[in-house]
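Geometric and topological summary
The chain contents come next:
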Amino acid sequence: MIVDVVRVAGAPCPTLVIDREQLPRGALALRDELVGVRRWLERTGRAGIAKIALYGTSRDPAHDLDYRFVQSLPGGFDFRTGCGHSLLACVVAAGRPGPVRVHALTTNHTAVCEPEPSGGAYTVRLNRPEQARPLLPTGRPVDSVGGLRVSLVDFGNPYVFVDAADLGLSSPGELPSEEGVLLVRLLRVRARAARLLGLPAHGALPKIAAVAAYGAGGLTVRAVATTGWHPSLALTGTACLTAATTVPGTVPHRLAGRERDAAPGPYTLRVDTPGGPAYASADTSAHTSGPRLDAVRVHGKRATVLERALPLPWRIRVTA
């Protein structure tokens, strides 16, 4: 088995990228096989890689690639979550010229990765199909979870958005950089939100982030990864946050001041993170019930192949 290791700027770790075409037809990546992969990563000094992505040519003419993601967790693996950074890692590893249409099998989203004219960076567009799941999984823009008023929003991945002011964070300098009481509190809120959404309390979903409006023209975010602070914000987190700003009544919508500008059409957002700013734009269209979110674009994403054609032992089980 030959694999690649790709790092996308802003991700907490690189992605182990596997070309599905190398697997025998009908082969499945089972938990015990993934445990073997993780042990190999640990033995070879790559224990920090917690993202595994499989891709291959799509049989659907509407897509170029199919992509499946597995998140490695301390106690096992999560097969439910998506990862925009790993999706882009697959596109870069495949070496296809853009735009590349990718079907994210785990979350049933369609993404288009397109090289930007300046060179070296990509814009990743997440489309929202007509029959998409509701952006508000509880049907409410705000819920009370763990004593906090939060917004549960589902786009790319489900997220819990908390107003940083409700956590006592009144300035960027107060945003934490080390593990502590606030991280523990957010992880507990995330676990309660998971139960509310019918998800395992100790899985990778939903994600959670504190959001603030400390300056004009954008939002500031401190997000949690699977077990600690995220170095920036997940690509799907940037997309979900941008989507949330288009939904009246949500915490991000209020903080972004969208009450003053709810007209359909393009909308751009700057998101400040510990790893630097992220930029996204939303496409909305007019409907009888109000503006509808059609797509979110995340701009300026860069990826680097760290290791190419790396030999990986993989025990294959073939099904009938």
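Use the structure listed above.
First, a word on scope: everything that follows refers to the structure included in this document. For clarity, every value in this text was computed on a predicted model and none was experimentally measured.

1. Concerning helix α3 (residues 181-196)
Compared with the 22 Å implied by 1.5 Å per residue over 16 residues, the 23 Å span of α3 between its first and last C-alpha is a close match. Contacts made by the buried residues of α3 are with β10 (143-145), β11 (148-155), β12 (157-163), β13 (207-212) and β14 (218-224).

2. Examining unusual backbone geometry
Note that the residue after G98, namely P99, is joined by a cis bond; omega there is -5 degrees. With respect to the helices and strands, the residue P99 is situated in the loop between α2 (84-94) and β7 (100-104). Here the residue pair L205 and P206 is connected by a cis peptide bond, since its omega of -5 degrees sits within 30 degrees of zero. Of note in this structure, N108 is not a glycine but carries a positive phi near 60 degrees. Take N108: it is sitting in the loop between β7 and β8 (109-115). For N108, a relative accessible area of 53% corresponds to the exposed category. You will see that A309, though not glycine, has its phi angle at about 55 degrees, which is positive. Looking at where A309 falls in the secondary structure, it is placed in strand β18 (residues 303-311).

3. A word on the pattern of salt bridges
What the rule picks out here adds up to ten salt bridges. R46 is the salt-bridge partner of E307, the closest N and O atoms lying 2.8 Å from each other. With E307 in strand β18 and R46 in the loop between α1 (31-43) and β4 (51-57), the pair connects residues that are 261 residues apart, well separated along the chain. When its relative accessible area of 25% is taken as the criterion, E307 is described as partly exposed. For R254, the salt bridge is made with D163, and the minimal N-O distance between the two is 2.9 Å. Pair noted here: R254 is in helix α5 (residues 251-255) and D163 is in strand β12, with a separation of 91 residues, a long-range link. The exposure class of D163 is buried, given its relative accessible area of 7%.

4. So, the packing of aromatic side chains
This model, assessed by the stated rule, comprises one aromatic pair. When the centroid spacing of 5.4 Å and the interplanar angle of 10 degrees are considered together, the rings of Y159 and F161 count as stacked. For the pair shown, Y159 and F161 are each scored as buried.

5. Considerations on the pairing of strand β9 (residues 122-127)
Both β8 and β9 contribute to a ladder of six bridges, which runs antiparallel. Note that in β9 the partner of T110 across the bridge is N127. Hairpin connection of β8 to β9: six residues between the antiparallel strands, including G119 at a positive phi of 90 degrees. Summarising the sheet, β9 and strand β17 (residues 292-301) pair through five bridges and their orientation is antiparallel. Bridge pairing in β17 links L126 to V296.

6. Looking at the environment of P97
Here P97 is to be found in the loop between α2 and β7. Taking C-alpha positions, P97 is 8.3 Å from E114, a pair spaced 17 residues apart along the chain.

7. A short note on the side chain of T245
Summarising the element assignment, T245 is placed in the loop between α4 (235-244) and α5. Engagement of the side chain of T245 in a polar contact is seen with the backbone oxygen of T242, the distance being 2.6 Å.

8. Section: the side chain of K51
Within the secondary structure, K51 is located in strand β4. Notably, K51 is buried but unbridged: the nearest opposite-charge side chain belongs to D78, and the N-O separation is 11 Å. The contact partners of K51, leaving out residues within four places of it in the chain, are P12, C13, P14, T15, L16, F69, V70, Q71, C83 and S86.

9. Description of the environment of V247
Following the sequence through the fold, V247 ends up in the loop between α4 and α5. Through-space distance from the C-alpha of V247 to that of L136 is 8.7 Å; in sequence the pair is 111 residues apart.

What counts, and where the lines are drawn
- In this convention, every chain numbers its residues from 1, walking through the sequence in written order.
- A pLDDT threshold of at least 70 governs which residues receive local features in this predicted model, and a stricter bar of 80 or more applies before side-chain atom pairs are shown or counted, although totals over entire chains, interfaces and linings include all residues.
- In computing side-chain properties, one takes all heavy atoms of the structure into account and sets aside hydrogens as well as water.
- Numbered from the N terminus, helices here are DSSP runs of H or I no shorter than four residues, and strands are runs of E no shorter than two.
- Expected span of a helix: the number of residues minus one, times 1.5 Å.
- We call two residues in contact whenever any of their non-hydrogen atoms come within 4.5 Å of each other.
- Using a 1.4 Å probe on the protein chains alone, a residue whose accessible area is under 20% of its type maximum counts as buried, one over 50% counts as exposed, and one in between counts as partly exposed.
- One speaks of a salt bridge when a side-chain nitrogen belonging to Lys or Arg is within 4 Å of a carboxyl oxygen belonging to Asp or Glu.
- Only Phe, Tyr and Trp rings take part, Trp by its six-membered ring, and two of them pair if their centres are within 6.5 Å. Stacked means planes under 30 degrees apart, edge-to-face means over 60, and tilted covers everything else.
- The pairing criterion is simple: DSSP has to find at least two bridges between the two strands.
- Distance and chemistry together define a polar contact, namely a pair of N or O atoms within 3.5 Å, with one atom able to donate a hydrogen and the other to accept it when in protein, and with adjacent residues in sequence counting only for side-chain atoms on both sides.
- Under the counting rule used here, the positive set is Lys and Arg, the negative set is Asp and Glu, and His together with the chain ends is not counted.

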